[in-house]
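Geometric and topological summary
Read off the chains here:
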Amino acid sequence: MSKVKEKVGNDIYGVKANWKLEQRIGESAETGFRHNNRYHKYFHGYTEVRSEKPNGRYAITRVYTDDWFVQDCSEPKWILTKLGLMGLSIVVMCMYIIVMTRPGYVVNVSQIVAIPGFMSILFLLLLCASTIGFAITKRKMTWWDHHSSCIRIKMLSAICAFMLFATAVMMGTVTIATSGSAKEWWLITGVMGCCACVIGINYFFKRIKFKRVVNDLVLPEGEAHRIS
């Protein structure tokens, strides 16, 4: 295999519309493509290599050719970081659900608390899904792996921390307004503890450093177009 000259940033290469029909009427590989934001974001940094088959159709091979994103730490620390963050997010979600489903508490049946409380569960689930996705990624991350896990986790953890704090404030307001018992404050403390853990996840992710490693992949033969 040999390195071929790439055409960079040509957005017509991405999603083929009515590909089979256009092949039947003689459409070439150079036309009929349209820009697709989702496609270009997911395959950002990839190169499409187009080669013609014996039957006249075109085969598309996508290979990642941009720099790899690698966490700047040792292998054991990398593994512990992923498992620790995933475990912490799951523990926080479970603890929050237990706190919010305890029977016999005024704050757990309040409609005012229910709104931020439900939103907190939603964002906690999304946060857990993102940390699990981060945990199963390989050491070398593509641009999309880095964007969809690390950047998304920082965004979700910030939103989640805000919603948990809002839930605790609403719980405190209801407790004071209804002259609730002291045991209500234990639930509020539990929610604030969840909020503190999520803030810790956000703080830790902001401190994670990644280095870019040059991708020395050699492209297969064919017409290459880098997706950007």
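Please read these numbers as outputs of a predicted model, since none were measured by experiment.

Our next topic: the packing of helix α5 (residues 143-177) against helix α6 (residues 183-207). For any two helices packed against each other, one specifies the crossing angle of their axes together with the interaxial distance. Direction vectors running N to C along α5 and α6 enclose 160°, while the axes themselves pass 8 Å from each other. When the axis of α5 is compared with that of α6, the two are roughly antiparallel. Between α5 and α6 lies a crossing whose hand is left-handed. Across the contact of α5 with α6, the residue classes tally to 21 nonpolar, five polar and three charged.

Here we come to the side chain of S89. Within the secondary structure, S89 is located in helix α3 (residues 75-100). Among the residues examined, S89 registers a relative accessible area of 1% and is labelled buried. A distance of 2.8 Å separates the side chain of S89 from the side chain of T131, its partner in a polar contact.

A word on a nonpolar patch on the surface. Together, I90, I132 and I136 give the surface a local cluster of nonpolar side chains, amounting to about 260 Å² of exposed area. For I90, the location among the structural elements is in helix α3.

Conventions and cut-offs
Residues numbered from 1 in each chain as written. Predicted model: local features only at pLDDT ≥ 70, side-chain atom pairs only at ≥ 80, totals over all residues. Heavy atoms only, no water. Axes fitted to C-alpha atoms, helices over the stretch in contact; angles between N-to-C directions. Helix = DSSP H or I, 4+ residues; strand = E, 2+ residues; numbered from the N terminus. Parallel < 35°, antiparallel > 145°, perpendicular 65-115°, else oblique. Left-handed = near helix turned anticlockwise from the far one by under 90°. Nonpolar A, V, L, I, M, F, W, Y, C, P; charged D, E, K, R; others polar. Buried < 20%, exposed > 50% of the residue type's maximum accessible area, 1.4 Å probe, protein only. Polar contact = N/O pair within 3.5 Å; in protein donor to acceptor, adjacent residues only side chain to side chain. Patch = residues over 30% accessible without salt bridge, like charges linked within 9 Å, V, L, I, M, F, W, Y side chains within 5 Å. Areas by Shrake-Rupley, 256 points an atom, 1.4 Å probe, with all protein chains shown as cover. Salt bridge = Lys/Arg side-chain N within 4 Å of Asp/Glu carboxyl O.

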